[in-house]
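As a plain string of letters, each chain reads:
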4 protein chains.
Amino acid sequence: MPDWGGHHNAKNNTPIRAAIIGLGRLGSRHARHLVEKIQGVDLVAACALEDDQLQWAHDELGVETTYKDYKEMIDKENIDTIFIVAPTPFHPEMTIYAMNAGLNVFCEKPLGLDFDEVAEMAKVIKEHPKQIFQSGFMRRYDESYRYAKKIVDEGGIGDIIYMRGYGIDPISGMESFTKFATEADSGGIFVDMNIHDVDLIRWFTGQEPVQAYGLTSNLAAPELEKIGESETGVAQLKMNGGVIATLIGGRHAAHGNQVELEVMGSNGWLRVGEHPDLNRVTVFNENGVTRPSLQSFGERFDNAFTDEVQDFVNNVAKGTQPNVTVDDGIKALKIAKACQESADTVQLVDINL
Amino acid sequence: MPDWGGHHNAKNNTPIRAAIIGLGRLGSRHARHLVEKIQGVDLVAACALEDDQLQWAHDELGVETTYKDYKEMIDKENIDTIFIVAPTPFHPEMTIYAMNAGLNVFCEKPLGLDFDEVAEMAKVIKEHPKQIFQSGFMRRYDESYRYAKKIVDEGGIGDIIYMRGYGIDPISGMESFTKFATEADSGGIFVDMNIHDVDLIRWFTGQEPVQAYGLTSNLAAPELEKIGESETGVAQLKMNGGVIATLIGGRHAAHGNQVELEVMGSNGWLRVGEHPDLNRVTVFNENGVTRPSLQSFGERFDNAFTDEVQDFVNNVAKGTQPNVTVDDGIKALKIAKACQESADTVQLVDINL
Amino acid sequence: MPDWGGHHNAKNNTPIRAAIIGLGRLGSRHARHLVEKIQGVDLVAACALEDDQLQWAHDELGVETTYKDYKEMIDKENIDTIFIVAPTPFHPEMTIYAMNAGLNVFCEKPLGLDFDEVAEMAKVIKEHPKQIFQSGFMRRYDESYRYAKKIVDEGGIGDIIYMRGYGIDPISGMESFTKFATEADSGGIFVDMNIHDVDLIRWFTGQEPVQAYGLTSNLAAPELEKIGESETGVAQLKMNGGVIATLIGGRHAAHGNQVELEVMGSNGWLRVGEHPDLNRVTVFNENGVTRPSLQSFGERFDNAFTDEVQDFVNNVAKGTQPNVTVDDGIKALKIAKACQESADTVQLVDINL
Amino acid sequence: MPDWGGHHNAKNNTPIRAAIIGLGRLGSRHARHLVEKIQGVDLVAACALEDDQLQWAHDELGVETTYKDYKEMIDKENIDTIFIVAPTPFHPEMTIYAMNAGLNVFCEKPLGLDFDEVAEMAKVIKEHPKQIFQSGFMRRYDESYRYAKKIVDEGGIGDIIYMRGYGIDPISGMESFTKFATEADSGGIFVDMNIHDVDLIRWFTGQEPVQAYGLTSNLAAPELEKIGESETGVAQLKMNGGVIATLIGGRHAAHGNQVELEVMGSNGWLRVGEHPDLNRVTVFNENGVTRPSLQSFGERFDNAFTDEVQDFVNNVAKGTQPNVTVDDGIKALKIAKACQESADTVQLVDINL
């Protein structure tokens with residue numbers, strides 16, 4: 001397992017004082033990790049819109065003070081660092097406010113949905129080069145992707161020819177997605193589901209896409225049409241070094257959460273997450289021989305989320321910037337949006353990063 | 001296992017008298033099947049260019065007469081039926097000559113490479129409606145595809161959303177392919193490797209493609225550039241009923257022969273041939289836990305080839321036309337060529353069947 | 001696939017004239033193979049007790065003459081060879097009658113149930129050294145076992161330490177077994193289900209068992225108690241060269257037909273048939289990720305049955321004795337019965353072959 | 001993932017003050033977990049024989065005081081609780097000393113090797129019913145075993161018929177084992193490798209073994225003969241409710257750490273850890289299709305070790321005794337030693353618990 005070095009200073013340094021904005025599905029996971037697993041940080045305040053979320057943070061996690069207004073929290077609290085896990089459209093303004101307040105910022109992906117806002121966000125981040133800014137590309141911390149990356153980097157599969165990334169949610173998540181997407185802008189299937197795959201393709205190949213052909217459908221969920229969403233999206237990317245890639249986003253896997261990455265090389269292939277095994281149990285019954293599947297990205301990436309945040313905390317403690325920059329986030333967003341634009345306009349879209 | 005009914009008349013009817021053109025890798029397989037496995041047929045003559053192939057047919061299989069000129073064979077032999085397993089460019093002229101000679105014809109896929117020739121071939125076939133014509137889409141006879149098709153037809157995975165077909169040869173086949181493609185026109189990566197996948201996508205969905213985006217590369221085999229071939233081809237298809245499909249053809253799989261088909265439905269998925277298991281052995285050694293892979297389509301589809309030819313022989317005996325028509329062959333060819341055209345012209349190609 | 005050489009003489013020699021006794025589940029499979037797949041043999045007569053079985057052989061397979069009395073068939077027919085697929089208790093008397101009539105004999109496993117009868121059978125066989133006698137250890141012809149054996153023989157897993165053989169029928173077969181075992185003596189769970197595993201353990205290791213500890217239970221099928229049968233049997237064997245082995249026989253697998261062999265070596269392991277995959281389809285649905293299972297040994301070993309009989313026919317044609325001798329059959333029977341004796345007497349049983 | 005409730009009191013109660021004896025492979029893992037992952041405990045002191053281990057605990061983990069004499073540590077430190085991870089023969093005396101000093105004790109498995117010492121240990125433990133005593137059967141905390149146990153308890157596979165437990169170390173561990181076993185008494189292959197399987201068989205079935213047949217061999221590692229150890233041990237157990245079980249311990253798996261449990265039920269089977277997958281990567285290369293394997297029980301059971309210790313800490317905080325008692329530990333030890341006795345004496349051994 002990767003060692004993020006958190007323990008080196010765990011007992012010697014004063015913990016970083018941190019606050020969090022957002023206590024939903026992912027926010028509450030980060031909050032719990034900060035309290036129970038991450039070394040070198042104290043979670044001293046939390047901001048959310050729901051009373052019961054704030055109550056939970058106070059009672060279960062022992063968070064001292066809670067807020068409904070994030071600016072008030074930033075203004076009043078004596079903190080070094082903030083975790084932004086609010087809905088995507090708020091990421092730019094919250095990041096800008098926090099950076100201007102002198103804080104280190106961990107902001108969940110994607111950076112935002114509007115390019116002008118994201119450009120402004122990037123500008124402000126770059127104006128504060130001593131503050132740490134890190135965005136949530138947690139898959140780079142997952143041990144399986146890291147193992148695969150190492151094989152690729154060591155030449156274990158030759159040159160990359162093709163990549164395929166699946167980000168497909170289980171049917172069991174449809175109801176909560178529909179509710180979420182009715183209230184907010186998801187950014188579309190590619191931005192919402194495949195932005196991690198885009199980042200991985202850039203990370204593995206070192207190449208940039210130059211052209212996209214996207215197609216979407218609602219065959220499996222016609223009701224999404226009404227709220228302007230697509231159940232499935234498929235995009236084929238041409239990369240500037242000759243690699244070809246396919247992205248598939250979806251919301252209707254019957255078996256579970258299919259986050260699969262294929263890396264086809266000239267001398268071998270890798271598949272990460274070919275089946276979303278829930279655990280180490282194999283069941284032999286009237287259906288045949290079955291491996292049960294996991295249902296949520298939280299189960300799948302729990303360790304990656306922890307390692308990612310520990311790495312950020314260490315970066316803050318040491319004053320080092322992360323490898324993944326705000327520009328990586330902007331590029332991934334542009335690529336995902338180009339796929340969506342191709343699907344929307346029914347033509348090839350050229351990508352200039 | 002499917003039962004093609006060959007035995008119903010095996011002992012009661014006079015066997016069909018057949019000849020074969022072509023005794024290469026696939027031709028010799030068909031010839032052996034005709035002698036050893038297929039009921040109701042006698043292989044009485046064979047035509048090939050190589051002396052040793054003809055010698056083999058005579059000595060090993062007991063074929064009485066052999067020829068180097070296919071027209072001479074058709075003219076002289078008292079036969080009902082001919083199997084055409086010569087290089088693809090010869091398929092149209094041979095089929096036309098045989099149909100006009102009153103024979104039933106089994107012709108390997110693809111029908112040809114030149115559309116004018118294939119159109120003429122189709123015209124002649126249709127002028128002889130009492131003679132049986134069948135082309136070699138043997139995957140429709142493979143028990144795994146049939147099992148998958150049955151699940152789909154019974155609604156077992158809901159409505160099809162997406163399909164993905166891989167036809168990727170092992171590295172071990174590169175040398176013989178290069179020799180073959182230097183001497184003859186393979187038709188390009190999509191025609192040579194994915195035409196079966198095209199047929200399967202049409203068979204499973206009942207839909208037709210309307211647009212293709214193809215990309216090719218020679219990252220893994222730059223030497224193919226010189227002979228105008230591509231090592232890898234990837235194409236994304238838009239179908240007229242909303243299904244999206246991806247085709248991948250390649251010649252550089254390190255592990256073996258990857259013929260994989262994914263059928264993603266609104267309520268379940270199927271993968272046929274996810275791994276090309278050689279047999280039922282699992283090896284636990286210093287590499288980890290391994291399933292050895294098969295290397296050739298012959299190993300993979302041996303039973304399908306037998307069942308396909310048995311079905312053709314039965315059709316001849318009963319005077320029934322097969323389900324797969326010459327038009328299916330023409331459509332598959334057009335679709336595969338559209339993918340190639342897209343890759344060659346670097347633009348989207350509309351498909352009108 | 002192994003090549004048994006049947007085609008070498010297929011067209012040159014006069015076919016062997018053969019008859020079969022028994023047209024049940026396995027007998028009808030052999031009969032069909034003899035007519036449709038095996039080269040160099042004509043099935044000219046069949047004997048069975050049921051009218052409809054004889055009618056089927058005549059109508060479907062074109063068998064000319066049928067009998068209800070096997071002695072009458074042997075006396076009247078002009079045949080070289082006989083296939084004995086009758087219930088086990090009849091194997092010795094039928095083999096003796098046929099050998100004394102000058103026939104080559106293929107006899108299904110096990111040789112018999114009564115040691116005195118089997119000893120007499122072996123004596124008669126040895127008195128006719130020019131006639132071919134072969135017993136039905138078809139697993140030695142299965143491509144997966146052969147592949148595993150080759151790895152072992154080439155030193156691919158070092159020295160064998162341990163072997164584990166499972167022969168477990170599906171629940172779906174319980175009803176027909178209960179009917180069968182009510183009418184006839186199955187020989188007990190170890191003789192009925194594990195005699196093939198015994199043969200494989202001897203074949204792979206070249207060692208002989210010297211001690212057995214057997215245990216049986218009817219936890220899953222208490223109704224078998226009444227007919228003196230056991231649903232499950234487990235035996236641990238000590239081999240004379242230090243290898244240890246476990247045999248498991250059963251009749252209550254929910255998923256299918258589990259015929260699994262593990263070979264644990266000092267430098268690697270092999271498992272043959274770890275999962276009884278029905279075909280090459282993987283299903284992703286609400287249960288998770290599933291490989292459907294096959295239900296019958298006939299599906300599992302169809303090719304092995306064919307290759308075994310082809311090999312026998314070739315042996316007859318060439319006058320060569322098979323590698324597996326009647327003594328191998330006797331030893332396997334003694335070992336399986338020793339496991340049963342241990343379970344019946346609740347003590348260790350020494351084995352002297 | 002199971003929730004051991006550690007967070008309920010994490011922020012509200014004064015942490016427990018704990019010390020540890022032993023900082024070897026497993027001891028250092030526990031120590032790190034106590035500092036970095038376990039809520040509600042402070043590791044204030046550590047005892048080990050090696051200077052560099054003590055230095056590591058001080059520098060890396062921030063442990064304040066270190067000792068080479070465990071009695072001195074217990075006498076001087078103000079602690080509530082002790083973790084005993086010293087070599088097995090010391091477990092009884094250390095536990096007795098700690099219990100008499102009023103401490104709560106977590107002691108690694110097995111309890112000891114000498115029955116008289118273990119009996120005395122159990123007596124002392126029972127004399128202090130208000131102090132918590134817990135032994136290290138961490139597999140009961142592993143999410144895969146818990147998942148399997150839940151299926152069994154809910155009747156998902158019917159009644160248990162048979163169980164098979166493999167505890168087989170990789171070849172890569174041979175050198176360190178040989179060093180360890182030369183210096184200390186491992187207790188033999190069954191005690192050292194299969195005591196967890198014994199506990200699981202008792203836990204899953206609720207039955208007790210009544211008879212054992214054990215066999216051992218050194219075919220793969222003849223050098224172990226000199227130090228009185230066996231490379232492989234196989235034992236077949238008869239349980240008092242009719243279940244049959246097989247245990248296999250070994251030290252020579254080429255692929256990795258094979259900890260596998262099979263539970264065969266009357267209506268389904270489960271296998272836990274059928275393959276020791278290292279992570280979620282599948283490799284397609286010249287060997288075929290491979291899942292890399294993990295090498296150490298530490299990788300395999302890292303989460304289980306954490307959850308086990310968290311549960312113990314919670315038990316201490318709440319004053320509740322664990323479900324696994326000292327008597328469970330004694331029974332598991334007796335059963336494992338009976339398997340060894342059978343192998344040593346070459347006869348069946350009756351087990352009376």
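- The name given to chain A in an unreviewed UniProt entry is Inositol 2-dehydrogenase, with the source organism recorded as Lactiplantibacillus garii.
- Looking at chain A in UniProt, the text filed under Sequence similarities (unreviewed entry) is "Belongs to the Gfo/Idh/MocA family."

1. Digging into the overall build of chain A
Piece 1. Each helix and strand counted, chain A has 11 helices and 15 strands in total.
Piece 2. Here chain A has a C-alpha radius of gyration of 20 Å; the compact-globule value for 353 residues is 20 Å, and the two agree.
Piece 3. If one aligns the C-alpha atoms of chain A with their principal axes, the spans along those axes are about 50 × 50 × 45 Å.
Piece 4. The buried share of chain A, reckoned over its 353 residues, is 64%.
Piece 5. Put simply, of all contacts in chain A between residues at least 6 apart along the chain, 72% involve residues at least 24 apart.
Piece 6. When the accessible surface of chain A is summed, it comes to about 12600 Å², and 46% of that surface belongs to carbon and sulfur atoms.
Piece 7. The positive charge centre, built from 32 side chains, and the negative charge centre, built from 53, are 4 Å apart in chain A.

2. Brief notes about the interface of chain D and chain C
Piece 1. With 47 residues of chain D at the contact, the number on the chain C side is 47 residues.
Piece 2. Here chain D packs against chain C, burying approximately 3400 Å² in sum over the two surfaces, 63% of which is carbon and sulfur.
Piece 3. The interface formed by chain D and chain C contains two salt bridges.
Piece 4. Of the charged contacts in the structure, one is a salt bridge between Arg-271 of chain C and Glu-260 of chain D, with a shortest N-O distance of 2.7 Å.
Piece 5. Across the contact surface, chain D and chain C share 17 residue pairs in polar contact (both at pLDDT 80 or more).

3. Some words on the domain arrangement of chain A
Residues and elements named next belong to chain A.
Piece 1. Segmenting chain A into domains produces domain 1 (6–138 + 304–324) and domain 2 (140–301 + 332–350).
Piece 2. The C-alpha centroid of domain 2 is placed 26 Å from the C-alpha centroid of domain 1.
Piece 3. Between domain 1 and domain 2, the residue contacts involve 19 residues of the former and 19 residues of the latter.
Piece 4. Across the interface of domain 1 and domain 2, roughly 1900 Å² is buried in total on both sides, 68% from carbon and sulfur atoms.
Piece 5. Where domain 1 meets domain 2, there are 10 residue pairs in polar contact (both at pLDDT 80 or more).
Piece 6. With five residues, the top contributor of residues to the side of domain 1 that touches domain 2 is helix H10 (residues 297–318).
Piece 7. Considering only residue class, the side of domain 1 that touches domain 2 consists of 10 nonpolar, three polar and six charged.

4. Digging into the pairing of strand S2 (residues 41–47) of chain D
Residue and element names in this part refer to chain D.
Piece 1. Across the seven residues that make up S2, a large majority, six, are buried.
Piece 2. The pairing of strand S1 (residues 16–21) with S2 spans six bridges and is classified as parallel. Counted as the bridge partner of Ile-20 is Ala-46 from S2.
Piece 3. Once you follow S1 into helix H2 (residues 25–36) and on to S2, the crossover reads as right-handed.
Piece 4. The parallel pair S2 and strand S3 (residues 65–67) is bridged by helix H3 (residues 51–61), and the resulting crossover is right-handed.

5. Brief notes about the relation of the copies chain B and chain A
Both copies of the chain are related through a single rotation about an axis accompanied by a shift along the same axis.
Piece 1. Its rotation angle being 180 degrees, the transformation that places chain B on chain A also includes 0.0 Å of axial translation and leaves an RMSD of 0.0 Å. Such a turn and shift between the copies fits a two-fold axis.
Piece 2. Interface overlap between copies: 100% of the residues of chain B at the interface are likewise at the interface in chain A, consistent with a symmetric, same-surface contact.

6. Notes on helix H7 (residues 143–153) of chain A
Each full turn of the α-helix corresponds to 3.6 residues, which orients residues three or four apart in the same direction.
Piece 1. Taken together, the buried positions of H7 of chain A are Ser-144, Tyr-145, Ala-148, Lys-149, Ile-151 and Val-152 of chain A. For H7 of chain A, the arc enclosing every buried residue in end-on projection is 160 degrees, short of the 170-degree limit, so these residues lie on one face. For H7 of chain A, exposure combined with an orientation more than 90 degrees from the buried face picks out Lys-150 and Asp-153 of chain A.
Piece 2. Close packing links the buried residues of H7 of chain A with strand S7 (160–170), helix H9 (189–205), strand S11 (258–265), strand S12 (268–272) and H10 of chain A together with strand S13 (281–285) of chain D.
Piece 3. Sitting at the head of H7 of chain A, Asp-142 of chain A places a side-chain oxygen 3.1 Å from the backbone nitrogen of Ser-144 of chain A.
Piece 4. Of the residues trailing H7 of chain A, Gly-155 of chain A is marked for its positive phi of about 80 degrees.

7. Some thoughts on the relation of the copies chain D and chain C
Piece 1. For the match of chain D to chain C, the screw axis carries a shift of 0.0 Å, the RMSD comes to 0.0 Å, and the turn is 180 degrees.
Piece 2. A shared interface surface links the copies, since 100% of the contact residues of chain D are contact residues in chain C too.

8. Re the interface of chain B and chain A
Piece 1. Each partner contributes residues to the interface: chain B has 47 residues there, and chain A has 47 residues.
Piece 2. Summed over both sides, the interface between chain B and chain A buries roughly 3400 Å², with carbon and sulfur atoms accounting for 63% of that surface.
Piece 3. Our enumeration of links across chain B and chain A arrives at two salt bridges.
Piece 4. Inspection of the chain B/chain A interface yields 17 residue pairs in polar contact (both at pLDDT 80 or more).
Piece 5. Of all the secondary-structure elements, those providing two or more residues to the side of chain B that touches chain A are strand S7 (160–170), strand S8 (209–217), strand S9 (232–239), strand S10 (244–253), strand S11 (258–265) and strand S12 (268–272) of chain B.
Piece 6. Residues of the side of chain B that touches chain A, tallied by class, amount to 22 nonpolar, 18 polar and seven charged.

9. Comments concerning unusual backbone geometry
All names here are of chain B.
Piece 1. The peptide bond linking Lys-109 to Pro-110 adopts the cis configuration, its omega dihedral lying at -15 degrees.
Piece 2. For Pro-110, the position within the fold is in the loop between strand S5 (104–107) and helix H6 (115–127).
Piece 3. Positioned with a positive phi, Val-346 is a non-glycine residue whose angle comes to about 55 degrees.
Piece 4. Locating Val-346 in the fold gives a position in the loop between helix H11 (326–345) and strand S15 (349–350).

10. Overview of the pattern of salt bridges
Piece 1. Tallied over the full model, the rule gives 95 salt bridges over all chains.
Piece 2. In this structure, the salt-bridge partner of Arg-271 of chain C is Glu-274 of chain C, at a minimum N-O distance of 2.8 Å. For the pair formed by Arg-271 of chain C and Glu-274 of chain C, the shared burial category is buried.
Piece 3. The shortest N-O distance in the salt bridge between Lys-331 of chain D and Glu-208 of chain D comes to 3.8 Å. Residue Lys-331 of chain D is located in helix H11 (residues 326–345), and its partner Glu-208 of chain D is located in the loop between helix H9 (189–205) and strand S8 (209–217); the two are separated by 123 residues in the primary sequence.

11. Description of the state of the cysteines
Residue and element names in this part refer to chain B.
Piece 1. A full pass over the atoms with the stated rule returns zero disulfides over all chains.
Piece 2. Looking at the unpaired Cys-47, the closest cysteine sulfur is the one in Cys-107, lying at 14 Å.
Piece 3. Since its relative accessible area comes to 4%, Cys-47 is described here as buried.

12. Some details on the sheet that holds strand S6 (residues 133–135) of chain B
Residue and element names in this part refer to chain B.
Piece 1. Spatially, six strands are ordered S3-S2-S1-S4-S5-S6 in an open sheet, and the strand pairing comes out parallel. Of all strands in the sheet, those with a lone pairing partner are strand S3 (65–67) and S6, marking the two edges. Pairwise comparison of adjacent strand axes, ignoring direction, gives a mean angle of 25 degrees for this sheet.
Piece 2. Inspection of the sheet shows strand S2 (residues 41–47) paired to S3 by three bridges, in the parallel sense.

13. Here we look at the packing of H9 of chain D against H11 of chain D
In a pair of packed helices, the angle between the axes and the distance between the axes together describe the arrangement.
Residue and element names in this part refer to chain D.
Piece 1. Axis separation between H9 and H11 bottoms out at 8 Å; the angle between their running directions is 125 degrees. Classed by the angle they form, the pair H9 and H11 counts as oblique. Seen along the crossing, H9 lies across H11 with a hand that is right-handed. Facing Ile-189, Phe-190, Val-191, Ile-195, Val-198 and Arg-202 of H9, the residues of H11 in contact are Asp-328, Lys-331, Ala-332, Leu-333, Ile-335, Ala-336, Lys-337, Cys-339, Gln-340 and Ala-343.

14. Considerations on a negative patch on the surface
All names here are of chain A.
Piece 1. A cluster of acidic residues, Glu-93, Asp-114, Asp-116 and Glu-117, forms a negative patch at the surface.
Piece 2. Within the secondary structure layout, Glu-117 lies in helix H6 (residues 115–127).
Piece 3. Looking at Glu-117, the relative accessible area reads 38%, which means it is partly exposed.

15. Overview of the pairing of strand S12 (residues 268–272) of chain D
Residues and elements named next belong to chain D.
Piece 1. For S12, the tally of buried residues reaches five of five residues, placing the bulk of the element in the interior.
Piece 2. In this sheet, S12 lies alongside strand S11 (residues 258–265) in antiparallel orientation, the contact comprising five bridges. Bridging across to S12, Val-263 finds its partner in Leu-270.

What counts, and where the lines are drawn
Residues numbered from 1 in each chain as written. Chains lettered and ligands numbered in written order. Predicted model: local features only at pLDDT ≥ 70, side-chain atom pairs only at ≥ 80, totals over all residues. Heavy atoms only, no water. UniProt positions renumbered as here; feature names shortened; annotations may be inferred. Helix = DSSP H or I, 4+ residues; strand = E, 2+ residues; numbered from the N terminus. Rg over C-alpha atoms; globule rule 2.2 N^0.38 Å. Buried < 20%, exposed > 50% of the residue type's maximum accessible area, 1.4 Å probe, protein only. Contact = heavy atoms within 4.5 Å. Areas by Shrake-Rupley, 256 points an atom, 1.4 Å probe, with all protein chains shown as cover. Lys, Arg positive; Asp, Glu negative; His and termini not counted. Charge placed at Lys NZ, Arg CZ, Asp CG, Glu CD. Buried area = accessible area lost by both parts, 1.4 Å probe. Salt bridge = Lys/Arg side-chain N within 4 Å of Asp/Glu carboxyl O. Polar contact = N/O pair within 3.5 Å; in protein donor to acceptor, adjacent residues only side chain to side chain. Domains from an automatic or database assignment. Nonpolar A, V, L, I, M, F, W, Y, C, P; charged D, E, K, R; others polar. Pairing = 2+ DSSP bridges. Right-handed = clockwise from strand over helix to strand, strands pointing away. Least-squares fit on C-alpha atoms with pLDDT ≥ 70 in both. Arc of directions from axis to C-beta. Disulfide = S-S within 2.5 Å. Axes fitted to C-alpha atoms, helices over the stretch in contact; angles between N-to-C directions. Parallel < 35°, antiparallel > 145°, perpendicular 65-115°, else oblique. Left-handed = near helix turned anticlockwise from the far one by under 90°. Patch = residues over 30% accessible without salt bridge, like charges linked within 9 Å, V, L, I, M, F, W, Y side chains within 5 Å.

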